[in-house]
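# Overview (structure and organization)
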Amino acid sequence: MTDIRYLAPSTLNEAVSAFAAGGSAARILAGGTDLLVQMRAGSVKPGLIVDIKKIAEMTAIEQTADGGFRIGAAVPGAVLAEHPRFGEVWPGVLEAVNLIGSTQVQGRASAGGNLCNGSPAGDSVPAMVAAGAIVTVQGPNGRRELPVEKVPAGPGRTNLLPGEILVSFTLPTRPPGSGDAYLRMIPRTEMDIAVVGVGVSLTLKGGVCSAARVGLGAVAPTVLLVEAAAKALIGSKLDDAALNAAANACSAACRPIDDKRGTIVYRTKIAGVLLRRTAAIAARRAREN
Amino acid sequence: MNIITNNKWIGQRTIRPDGADKVTGRAAFAADTNMPGMIWGKILRSPHPHARIRSIDTSKAEALPGVKAVVTSRDIVDFPVDKSVMLGIQDMRWMCRNVMARDKALFPGHPVAAVAATTEAIAARACELIEVDYEVLPWSIEIDDALTPDAPVLHEFIKFEGKPSNIAGRLEVKKGDIAEGFKQAEVVIERSFTTRPVHQGYIEPHACLISVAPDNKTTIWSSSQGQFMVRAMTAYLTGIPQSDIRAIPAEIGGGFGGKTIVYLEPLATLLAKKSGRPVKMVMTREEVMRATGPTSGSKSTVKIGAKKDGSIVAAQGTFYLQAGALPGSPIRGAVGCSFSPYDIPNVLSVGFDVLSNRSKVAAYRAPGAPIGAYAVECVMDELAEALKMDPLELRLKNAARQGTKAAFGPVFPRIGYVETLQAARAHPHYSAPLGKLQGRGVASGFWFNAGGESSAQVNITEDGNVVVTTGHPDIGGSRAAIANICAELLGIDYRRVSVLIGDTATIGFSNLTGGSRVLFASAMVVTQSTDKIITTLRERAAKIWEIDPEAVKWENGAAHPASPNAGKFEPLTLAELAAKAPQMGGPIGAGVQLNTEGAEGGFGTHICDVEVDPELGIVRVIRYTAVQDVGRAIHPGYVEGQMQGGVAQGIGWALNEEYIYNRDGKVDNPGFLDYRMPVCSDLPMLDTVMVEVPNPKHPQGVKGVGEVPLVPVMAAVANAIHNALGKRFYSLPMSPPRVLEVIEAKA
Ligand SMILES: Cc1cc2nc3c(=O)[nH]c(=O)nc-3n(C[C@H](O)[C@H](O)[C@H](O)COP(=O)(O)OP(=O)(O)OC[C@H]3O[C@@H](n4cnc5c(N)ncnc54)[C@H](O)[C@@H]3O)c2cc1C
């Protein structure tokens, strides 16, 4: 086994230059709940580990002036849960992040790690996609922003460029009458990987859906933004016909595989079931706001 | 009979002697043991399900700096295939081929070579440097594939009906005349079922540390269900005599039957012998899942015929069980146990041992019995439905009782099966209302239980306390229960009794912790040893008082005159007699060794409620009550623990656990993430009802309790799902995709 170098810089600039210099053998360490497991299994053999937890910006949760939120990429799920306001505004994103693993895993696991791990089944990703989160990344050529759904490239791969680090998620302001929700199907009750995950965020005006976004996980090589499902909801009163149309749009968007976690037929069918259930929860929350 | 009433310690929930060490992390499991100079062993495993090994070149591995020894099948004692050498239920012909592939690799994960090196990383690297020339052969995994006429035959020397075959054995149990029986039947239900192989799922992976001195004196620290089994199998497979091997049992992190055979010990012994260094081996979870014994997957057909009044007249079962790549599936449990809860005049039960290219099965909690009970108890449910009878009534009407001749041979003595049915029927659970999409099912089960060899030594310390040494690893709380019994017999506080598990050099031969035998057998030898000590204590008091030993009784931890006629003396306590021991004939202690008999079978009846999410196909168990005839609950907490543990495992087997194979014949889910055992939040509180019908053949009435509670579970869950949905399930697991498929299938 080769030796592993470990760095824990306190600034983003140091982290980026070390990470870029490390090349393809370098890995970012946030909570480590994916990375360490992969190293133990022998599937990843890094020569350099750059721990980002000592960088203030990566572990901060800020409410922006316009009422949005910026969440550091390495903020653990348990810390996000303790924020006094975040869960009131984005209950769906929070429940998605908090579904990851167990109490022990929550102490470490981050939304940034969940996204950059590149799993199509990552729980926080569909909820972030539905929320319309924008991510900030920084690399050797400076900072850039992109919509969260543009980050995953395929199982285990992202569109981050060499040397780029995910810095934060920015969630937009919430108009009144908004709500979001995330549901996943797992055969057990916890400690399992989503067979399908659905995130829905919507806004109601006078009982009519004025805006909606739908994120769908574990049914394609990447988490999907399902625009056809959102379209079916927008302009409707979220009646059965609209929900069924959105459900069908979700099933139609599925391009799943048969694997140990679920069959194509099963995944395609329950994507629709979960859409209906998730949208109902999001709508209830929207009405309460 | 010596069944004690008005007990002070028997029946108490005393604190287990090993408890504090376990909750504080001090308990030493096999992987916690280290030695100076120790090196690490690793195994090279076959990537192929079936391949002839043309040659193995270990020279590059041996040349790697840090490598101290390499072994292959050439180093292991060969047991020719034409002569059976049995150790308990294991045949050394198969064991020697299971610990290391000989001419053929028989499943992915089959050991091919082993290396010891100064670090784990070097040992792993050395494994990569071993060159194995494989001739890849066609393979089969599933029973149906292994039984087709053109299926690849795993072993040419195994013949069935005169021809080389993947059927390695057949077992038949018969009573009455099955054809005549079915002629009398007015209602007949016949159904076929399949179950998947499931792993015991112990938390602690197999591990050992072994040191071999230049004179061959060998010390083994390992995690197993029997240090004597470890000693004997290691001796057989390495050629070192048993008297030169000392096997020390570590605390064990679960076994459930899976640690009743060896995987690592012979290899580590040979590596230690070759290298002259102590060798440690610890399996990864992946190795555990790929190469250690699950229990069989199965295919069975059960047919039961009854009269319109519900009396069963005939029952027939055919059970095909996967053995893995070497013979030895638990057909005895499936064939023998399935119909045993019932008094049926005509029974024919046949089992087949089927080979295929998967890891060799190992015992798992009531081996074979849950597979048979799943089929039989589901058919019983359909029979009750067809007869419009309550399923518990149908079972009561046909229940085995004292005097019933079981199809597998014996005539039952006083048994408690009827009591479990009555307790289940009377339990509030059975009549509690059910909500929408909820259902309730019941099922029963039987397990043989076992006696066998056990040894104990009971010694009184100089300060008048007690040390008990027995020879069975304690998996289920046996030390606590033995302390209760010994304290009861001696009339002293249980905290004065310290119970230890001896190693193979310090206690006499004791058979495996398996077959639910441990408390049954060790209570017998501990009772006889303690009785001997009490006799000694009475004799010594009699000597001091200068009266007849018969005139002395032992009560409340002291010798007393048996009656006023005997004279008036102050009682002599255990401590006082212990202090006088040097002057009164020396140390006080007694050992007893027995081949215990009279282990009676156990019965259970379970009630299960489920709720189904019909859109997702998810089944949740929402209420569960396990009723069991436990003989005598010496330590109720650990009896309940056994019952709850069995039910939890059964729910996993019923709902989600299965090995998933990829196209290359390899297990695709070799870890707890995708091999879905239930987690705590998957289970409701598992309620238990202990029915105590004491075993008349045991001094404290003990019956085995550890295995019965797994037997009824899968059928109870399946019957509950039927009650909720009106749909029957004939294959396990009843996982969400399959449940949804059945729900959506056109009637
Ligand atoms: C027991 C257990 C249960 C789990 N259950 C779930 C579950 O229910 N749902 C689920 O979705 N996941 C689950 N996971 C997986 C894992 O916990 C999550 O994916 C988690 O969000 C990963 O976050 P992390 O901070 O630990 O990431 P890390 O392991 O630190 O990193 C993950 C990957 O992302 C890269 N990375 C991390 N941060 C950055 C960054 N800022 N910029 C660039 N690259 C980065 C790392 O290099 C690594 O490749 C589970 C894991 C375990 C061990």
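Note that the structure is a prediction, hence the values are computed from the model and not measured.

For chain B, mean pLDDT is 97; residues scoring 70 or higher make up 99% of the total. Both scores are given for the predicted complex: the pTM is 0.96, the ipTM 0.93.

Below, the discussion takes up the sheet that holds strand β1 (residues 39-45) of chain B. Residues and elements named next belong to chain B. Strand order in this open sheet of 7 strands is β3-β7-β1-β17-β14-β15-β16, and the pairing throughout is mixed. Whereas interior strands pair on both sides, the edge strands pair on one side only; in this sheet they are β3 (67-72) and β16 (245-249). Averaged over neighbouring strand pairs, the angle between their axes works out to 20° when direction is ignored. Two elements, β3 and strand β7 (residues 111-117), share 5 bridges in a ladder whose sense is antiparallel. The partner of Thr-72 across the bridge, within β7, is Ala-113. This element, helix α7 (residues 227-238), spans β15 (218-222) and β16 of the sheet and lies at about 145° to β16.

Another aspect to go through is empty space enclosed by the protein. Residue and element names in this part refer to chain B. Per the counting criterion, the structure on display carries 10 cavities of 30 Å³ or more. Roughly 100 Å³ of volume is contained in the largest cavity. What lines the largest cavity is a set of 14 residues, and nearest its centre among them are Ile-651, Leu-655, Asn-656, Pro-678 and Asp-682. Listing elements by their share of the lining of the largest cavity, those giving two or more residues are β31 (618-629) and α18 (636-655).

The next thing to look at is the site of the ligand. Residue and element names in this part refer to chain A. Contacts to the ligand come from 31 residues, most closely from Ile-28, Thr-33, Asp-34, Ser-110 and Asp-123. Contact between the ligand and Asp-123: a nitrogen atom at 2.6 Å from a side-chain N or O atom of the residue. When the ligand sits alone it has 970 Å² of accessible area, and the protein chains cover 89% of it. Where the shell around the ligand is concerned, the elements lending two or more residues are β2 (26-29), α2 (35-40), α7 (111-116) and β10 (165-171). Looking at the shell around the ligand residue by residue, the class counts come to 16 nonpolar, 9 polar and 6 charged. Residue assignment places the shell around the ligand across two domains, with domain 1 (5-119 + 133-171) and domain 2 (178-288) each supplying three or more.

All names here are of chain B. The end-to-end C-alpha distance of helix α11 (residues 369-387) is 26 Å, a good match for the 27 Å that 19 residues give at a rise of 1.5 Å each. By the criterion of burial, α11 is predominantly enclosed, with 17 of the 19 residues buried. Two residues or fewer after α11 comes Lys-388, characterised by a positive phi angle close to 55°.

So, about the domain arrangement of chain B. All names here are of chain B. Here chain B is described as being made up of domain 1 (19-27 + 451-596), domain 2 (35-137 + 204-253 + 259-291) and domain 3 (298-449 + 600-744). In this structure, domain 2 and domain 3 have C-alpha centres spaced 36 Å apart. At the interface, 19 residues of domain 2 touch 19 residues of domain 3. Between domain 2 and domain 3, a total of about 1700 Å² is buried, with carbon and sulfur atoms accounting for 66% of that surface. Area buried by domain 2 at its contact with domain 3 is led by Trp-94, Met-289 and Arg-290, which between them contribute 38% of it. For the pair domain 2 and domain 3, the interface holds 0 salt bridges. One can count 4 residue pairs in polar contact (both at pLDDT 80 or more) joining domain 2 with domain 3. Secondary-structure elements contributing two or more residues to the side of domain 2 that touches domain 3 are α3 (92-99) and α9 (285-291). Looking at the side of domain 2 that touches domain 3, the element that brings in the most residues is α9, giving 5 residues.

Reading the values: the criteria
- Residues numbered from 1 in each chain as written.
- Chains lettered and ligands numbered in written order.
- Predicted model: local features only at pLDDT ≥ 70, side-chain atom pairs only at ≥ 80, totals over all residues.
- Heavy atoms only, no water.
- pLDDT = per-residue confidence, 0-100.
- Pairing = 2+ DSSP bridges.
- Helix = DSSP H or I, 4+ residues; strand = E, 2+ residues; numbered from the N terminus.
- Axes fitted to C-alpha atoms, helices over the stretch in contact; angles between N-to-C directions.
- Contact = heavy atoms within 4.5 Å.
- 1 Å grid on protein atoms, 1.4 Å probe; cavity = no way out; pocket = protein on both sides within 12 Å on 5 of 7 lines; lining within 4 Å.
- Points joined across faces, edges and corners; volume = space filled by probe spheres on them.
- Near = heavy atom within 4 Å.
- Polar contact = N/O pair within 3.5 Å; in protein donor to acceptor, adjacent residues only side chain to side chain.
- Areas by Shrake-Rupley, 256 points an atom, 1.4 Å probe, with all protein chains shown as cover.
- Nonpolar A, V, L, I, M, F, W, Y, C, P; charged D, E, K, R; others polar.
- Domains from an automatic or database assignment.
- Expected span 1.5 Å × (residues − 1).
- Buried < 20%, exposed > 50% of the residue type's maximum accessible area, 1.4 Å probe, protein only.
- Buried area = accessible area lost by both parts, 1.4 Å probe.
- Salt bridge = Lys/Arg side-chain N within 4 Å of Asp/Glu carboxyl O.

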